[in-house]
Structure formats: structure tokens, C-alpha cells
Amino acid sequence: MTDLLEIREKIKLFYSKYEVFLLPVIKFLIAFITLNALNGKMGYMVRLDNMAVVLIAALACSFLPVGCIVLFTTLFSLLHMYALSMEVALVGFCFYMVIYLLFFRFAPRDSLVIVLTPLLFSLRIPYVMPIVVGLVCGPASAVSVGCGVGVHYLLQTVTDNSSAINTMGEDDLSGKLRLMIDGLLGNREMLVIAASFAITVLVVYLIRRMSIDHAWTIAMVSGALLNIVILLIGDLIYDINISVVGALLGSLLALAAAKVVEFFRFCVDYSRTEKVQFEDDEYYYYVKAVPKMSVAMSTKTVKKISSQYERGTAAQTRGGGSGSRGYGNQQKHRGESGHTTPAGQGASGRGRKPLDFEEY
Amino acid sequence: MLNEERVILMTRMASYEGSPEGRRNVKIGNYFRSDYLALQLLKSLASVTICFAVIFGLYIFYDFEDFMQNLYEIDLVAFVKKVIIYYGVAAGVYLASTYAVCTYRYAKAKRDLKNYYHNLKKLNSLYDEQF
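For clarity, every value in this text was computed on a predicted model and none was experimentally measured. (Residues numbered from 1 in each chain as written. Chains lettered and ligands numbered in written order. Predicted model: local features only at pLDDT ≥ 70, side-chain atom pairs only at ≥ 80, totals over all residues.)

## Overview of the overall build of chain A
Along the backbone of chain A there are 15 helices and two strands. When each of the 360 residues of chain A is scored for burial, the buried share is 31%. Contacts in chain A between residues far apart in sequence, at least 24 positions, make up 73% of those at least 6 positions apart. (Helix = DSSP H or I, 4+ residues; strand = E, 2+ residues; numbered from the N terminus. Buried ≥ 20, exposed ≤ 12 C-beta atoms within 10 Å, placed from the backbone. Contact = placed C-beta atoms within 7 Å.)

## Some details on the environment of Lys 41 of chain A
Residue and element names in this part refer to chain A. By the element assignment, Lys 41 lies in helix H2 (residues 19-41). A C-alpha to C-alpha distance of 8.7 Å links Lys 41 and Gln 156, two positions 115 residues apart in sequence. If we ignore the near neighbours within four places in the chain, the residues touching Lys 41 are Ser 122, Leu 155 and Thr 159.

## Describing the interface of chain A and chain B
Across the boundary between the two partners, chain A contributes eleven residues, which contact 14 residues of chain B. Put simply, the parts of the chain that give the side of chain A that touches chain B at least two residues each are helix H5 (86-102) and helix H10 (173-185) of chain A. Of all the elements, H5 of chain A adds the most residues to the side of chain A that touches chain B, at five residues. Of the residues assigned to the side of chain A that touches chain B, the class counts are eight nonpolar, one polar and two charged. (Nonpolar A, V, L, I, M, F, W, Y, C, P; charged D, E, K, R; others polar.)

## Side note on helix H3 (residues 33-62) of chain B
If you check H3 of chain B, its first and last C-alpha atoms are 43 Å apart, about what 30 residues at 1.5 Å a residue would give, namely 44 Å. When we look at burial in H3 of chain B, the residues that qualify are Gln 40, Ser 44, Ser 47, Val 48 and Cys 51 of chain B. (Expected span 1.5 Å × (residues − 1).)

## So, the environment of Arg 23 of chain B
Inspection of the secondary structure puts Arg 23 of chain B in helix H2 (residues 20-29). Its 12 C-beta neighbours within 10 Å are what place Arg 23 of chain B among the exposed residues.

## Regarding the packing of helix H8 (residues 141-160) of chain A against helix H11 (residues 188-208) of chain A
All names here are of chain A. The N-to-C vectors of H8 and H11 enclose an angle of 155 degrees; their axes lie 8 Å apart at closest approach. Between H8 and H11, the angle falls in the class roughly antiparallel. Here H8 and H11 pass one another in a crossing that is right-handed. Here H8 contributes Ser 141, Ala 142, Val 143, Val 145, Gly 146, Val 149, Gly 150 and Tyr 153 to the contact with H11, which in turn contributes Met 190, Ile 193, Ala 194, Phe 197, Ala 198, Val 201 and Leu 202. For the contact of H8 with H11, the per-class residue count stands at twelve nonpolar, three polar and no charged. (Axes fitted to C-alpha atoms, helices over the stretch in contact; angles between N-to-C directions. Parallel < 35°, antiparallel > 145°, perpendicular 65-115°, else oblique. Left-handed = near helix turned anticlockwise from the far one by under 90°.)

## Focus on unusual backbone geometry
All names here are of chain A. The phi dihedral of His 214 is positive, around 55 degrees, even though this residue is not glycine. For His 214, the location among the structural elements is in the loop between H11 and helix H12 (215-238). The class of His 214 is exposed, set by 10 C-beta atoms lying within 10 Å.

## What about the packing of helix H7 (residues 128-136) of chain A against H12 of chain A?
Residue and element names in this part refer to chain A. At a minimum axis distance of 10 Å, the contact between H7 and H12 shows a crossing angle of 145 degrees. Helix-helix and strand crossings are classified by hand; for H7 and H12 the assignment is right-handed. Side by side, H7 and H12 meet where Pro 130, Ile 131, Gly 134 and Leu 135 of the first sit next to Trp 216, Ala 219, Met 220, Gly 223, Ala 224 and Asn 227 of the second. Of the residues assigned to the contact of H7 with H12, the class counts are seven nonpolar, three polar and no charged.

## Section: the pairing of strand E2 (residues 284-289) of chain A
All names here are of chain A. Burial within E2 is sparse, with just zero of its six residues counted as buried. As paired elements, strand E1 (residues 274-279) and E2 share six bridges and run antiparallel to each other. The residue of E2 that forms the bridge with Val 276 is Val 287. (Pairing = 2+ DSSP bridges.)

## Focus on the nonpolar core
Residues and elements named next belong to chain A. Ile 131, Val 145 and Val 204 are the most contacted members of the largest nonpolar core, which totals 73 residues. If one sorts the elements of this core by residue count, H11 sits on top with eleven residues. Apart from residues no more than four positions distant in its own chain, Ile 131 is found in contact with Thr 200, Val 204, Met 220, Gly 223, Ala 224, Ala 254 and Ala 258. (Core = buried A, V, L, I, M, F, W, Y, C linked by C-beta atoms within 7 Å.)

## Brief notes about the pairing of E1 of chain A
Across the six residues of E1 of chain A, zero count as buried, placing the element largely on the outside. Counted along the chain from E1 of chain A to the antiparallel partner E2 of chain A, the turn is four residues long.

## Quick word on helix H3 (residues 51-63) of chain A
Residues and elements named next belong to chain A. Look at H3: 19 Å from first C-alpha to last across 13 residues, which is about the 18 Å you get at 1.5 Å a residue. Turning to H3, its buried residues number three or more, namely Val 54, Ala 57, Ala 58 and Cys 61. The buried residues of H3 occupy an angular sector of 100 degrees when projected down its axis, which confines them to one face. Summarising the geometry of H3, the exposed residues directed more than 90 degrees from the buried face are Ala 52, Ile 56 and Phe 63. Along its buried surface, H3 packs onto H2 and helix H4 (67-84). (Arc of directions from axis to C-beta.)

## Quick look at the environment of Ala 254 of chain A
Residues and elements named next belong to chain A. Within the element layout of this structure, Ala 254 appears in helix H13 (residues 244-265). When the 25 C-beta atoms within 10 Å are taken as the criterion, Ala 254 is described as buried. Expressed as a C-alpha distance, the spacing of Ala 254 and Met 220, which sit 34 residues apart in the sequence, is 8.6 Å. In this structure, Ala 254 is in contact with Tyr 127, Val 128, Ile 131 and Ala 224, ignoring residues within four places of it in sequence.

## Some words on the confidence of the model for chain B
Across chain B, the average pLDDT comes to 87, with 97% of residues at 70 or higher. Overall fold confidence (pTM) sits at 0.76, and the ipTM for the predicted complex is 0.78. (pLDDT = per-residue confidence, 0-100.)

Put into C-alpha cells, the structure is as follows:
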């Protein structure tokens, strides 16, 4: 555990030292992976399905605010839909507009969740999202995760119906609209997953805020179990064919990811919990203080051997004495005066050059 | 001469002012409660109206040919009444949620700003002590 804590401190130190460079790199990677996944999934507009365009967009995202990743992803998906059919793009535009106008006016900071949820779906690890979001974000993020699920199924509906849309005539405007809207509103799987993810986020958030020992661990385990139970109930009621093995494995993976998040965000030592009680004029205070787990970073002491010593030794040698004798004298002097260099002060302890032979 | 306590206080305050939450709270703090709530409710009304128009448009286009064929047969007044009721319910629910969220946010921002202004006063007194 000590080694892990030491690695964590090193990572934190490294991040704080190079945050200026790391943050754009992280944003670039998120944008690059998301846009690539989107192009891989849809790719109807040939001009957009081009590595150079993705790289330019990802580079732009790296120095623009995080919200621009959402903007670029939305634009890319709408352009792909437009390349397939204008009616599909119209439905997509309306869907995004309703989400942005109604929800993201209140929680703009959660906008990244709406991008990451479809990304995790395409990476086949969607169960990570509700548990990690419940641990890291607030209760309002339940709606963000639900919207993210909606966006995933919008894209899924487009890709599933693309061949049918292509076969429809140009004039069949309402037919294409009907296909898209029916595909979205009649998708029971989307509703069950959105509901289960939103409830999981809320439950995980509520449990991890409770004043109980190991609240984070209890929250993530109960969240994962609840998610599976809701999915199974939804499967029984609506017969949506959710893979139980996939859900179990995904939940295990989600637990592992949540443990990593816990390690970085909430690593505490419950064995040293202190409970104190005091009062002032207005209140009684019942305080439970749980100390964070941390280790002091081991410091490396670099001892510099001055080149002057070598020159001095050489001079002594030339002056008649042997090199070893000269050094021996120096050690003796130092021993007598009690002048030693304290550890950690390096070679310049007490402002002297300890190995400068000329001083002795 | 550097005053350590003052430097710590100023650093903490600058950090709060620079954080997204601090910026948002300072912006909210510039309004009276009623003005802030009225502005947010107006924005929400605009949002919900646009969204309702978009969804209504999709509903019409969903079965556009049938709608046009039956336009003269359906009871238009009853249809408009129904649409207005749906709009009223949607707007009411959304405005009520806006009111609840914004009331909570305003109270929280004021609480945080109170702490910030307390620190400002403390900083001022530290300057007075020195000069």
C-alpha cells in the first residue's frame, strides 16, 4: 500500500508540475478518440471521415474550453446525419437542441458526460459511467448520464436504419422522420438503460455522502448491484435481450475503475477516525474526522564531489604527501571539529564546501 | 514587509475569484434575489417555448400528409386548446424546476459570498493594522 501511495503522490506531483502541458494533451486525446469512434460508427460524410480533419479538430479542442469537444462532436454527428439524409439530421438537431436548451443551461460543466457516455458504449464498457459519475459528480449528473444514453441510442438508431433510409426516395420526408422518431421513442432498451443509469448515479451519490465507514466502497458495490437488478427487471418486463454476462463483467470492470477513482479521490484511513463533540453559542457539533492516507515522499540526496578536491588532492600529492594521506588528514580534522554535513543539506551544508581541501 | 497572514488570505480569495464557482457566485451576487429569479425564469420560458415548438413541429411532420388531409375535418379550436394545455403543463413543470434550482443556487451563492466578503473585511483590517 505504501508503494501505491508513493506512486500516487508522484503522479499528483507530476500532474501539478506539468498541468499546463498535460491538460491540452488529455483534451486532445479525448477529442481524438471520440471523433475517431464517431467516424468509425457513422462515417457517412467522406470528407469528415479523414484523419487530417479529425486531427485538426482534436488539436483545436486541445486549447479551447472543454465544451468545444461537445460542440465538435455534435457538429460531426450532425454532418454525418446530413450526409445520410436531411430529415435524419433534422431529427438529430431537434434532439440535441432539446437537450442543450432544457438541461445544459443548468449544468454546463456536465457536458463532457454526454460525450463520454456514448464513447464508453462504443468501447463496450458503459457500466463504468454511472458508478464513476455518482462518485465524482453531483445528483444532477443523473440527467446528464440519461442524456448521454439518449445520444448513444440516437446514433445507434441512425446506423441501424441507414440502409432503410438509403432505399427510401428523396420525397419520402415524413417516412424518414417516422422511421427515426419511432426508432427513438419505441426503443425500450434505451429507456430501461437510461433509467437504470440515472437511478444508479443517484444511489451511488447518496450512499457515498453518508457518514458511514467505507461509504465509497459500499456505494460502488451497491450501485453496481442495483444497476444489474434494474436491467434484469427491465429485461423481464420489456424483453429487451440485455446480456446478463456482459452486464456482470461490465459491472466488475466498473468496480475496478471506481476503485482507481477512489484511490485518487478518497483514500482515507478509517482505523484512525476521530469523533469529537463541541459546542458554541448556537450549535452542538458532532464531528467525525477521517484522516487521509498519505506518505511522505522519499527525498533523494545528491552528493556532489567537488572537482576542487581532486585538484587539491593532486596538489597535496605533488607537495610531497600521498593522496590517501591528504584525505585521511581531512577526515581527521573533520572528526575533531565535529563538523559533518547533515543529510539532506547536500554538499553545501552550513555554507561551506566540506570537501574543499584548501580550507583545512 | 510581507505579512504572511495577508498573503495567505489574498491567495485564498484570488483562488476563489478565479474558480468557476467563484466567478458564477460573484455574477449571481450582483443581482437582487427577485431580479435573478425573474431573469432565469424568462430564460427558461424562452428555452421551453423553443423546445415545445421544435417538438410540435416534429409531431406535425411525423404524419404531415394525414394532418393536412384532416385539417378541415378536425375541431381546430379543441386541437389548439389541447396544444396550449400541453404547452402550459410543460412550461409549468420546467419553470417550477427552474425556480427551485435557482432559489437554491442564489442562497448558496450568497452564503459563499458572505464568507468571501468576511475575508475581504479581514484583509482590509490587516492593511489598517499595518499602516
